[in-house]
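Remarks on the overall topology
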Amino acid sequence: MSPIEILQEFNSCYLKIQVIAQNENWLLLIADKKIDPEAATHVGDVLHYLGEAMGCVEEIVEVKFNQETE
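Below or above, wherever it landed, is the structure these notes cover. Counting of residues starts from 1 at the beginning of each chain's written sequence and follows it residue by residue. Per-residue local features are limited, in this predicted model, to residues with pLDDT of at least 70; the limit for side-chain atom pairs, both in listing and counting, is 80 or more; totals at the level of whole chains, interfaces and linings are taken over all residues. The side-chain numbers reported here are obtained from all heavy atoms of the structure, hydrogens and water having been left aside.

Focus: the overall build of the protein
Within the protein, the secondary structure is distributed over three helices and zero strands. When the elements of the protein are put in sequence order from the N terminus, they spell out α-α-α. With the C-alpha coordinates aligned to their principal axes, the bounding extent of the protein is approximately 55 × 15 × 15 Å. In the protein, buried positions account for 14% of the 70 residues. Whether two residues touch is decided by their heavy atoms; if any such pair falls within 4.5 Å, the residues are in contact. Restricting to contacts in the protein with at least 6 residues of sequence separation, those with at least 24 account for 71%. We count a stretch as a helix when DSSP gives it H or I for four or more residues in a row; a strand needs E for two or more, and each element gets its number in order from the N terminus. When a residue's accessible area, from a 1.4 Å probe over protein chains only, is under 20% of the maximum for its type it is buried; when over 50% it is exposed; and in between it is partly exposed.

What follows is the structure, encoded as structure tokens:
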């Protein structure tokens, strides 16, 4: 996989998890305490760490792009 493909995959995962985190059924599971309330924290952590990983890969993609345009 190239860096841009990795970034695209991370972004796809991020968007899918974000949709889950905002889903009404997910929010109801948490509100009704049908699942561990920590689950919301874990999903937030996943989004945070995916965002951090994407930022690291973005730097590589940006450097590569700049090298190719020079």
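Things to note about unusual backbone geometry
When glycine is set aside, most residues are seen to have a negative phi, and most peptide bonds are trans. A positive phi angle is found at Lys33, which is not glycine, with a value near 55°. Tracing the backbone through its elements, the reader meets Lys33 in the loop between α2 (24-31) and α3 (38-69).

Function-wise, these values are silent; they only describe arrangement.
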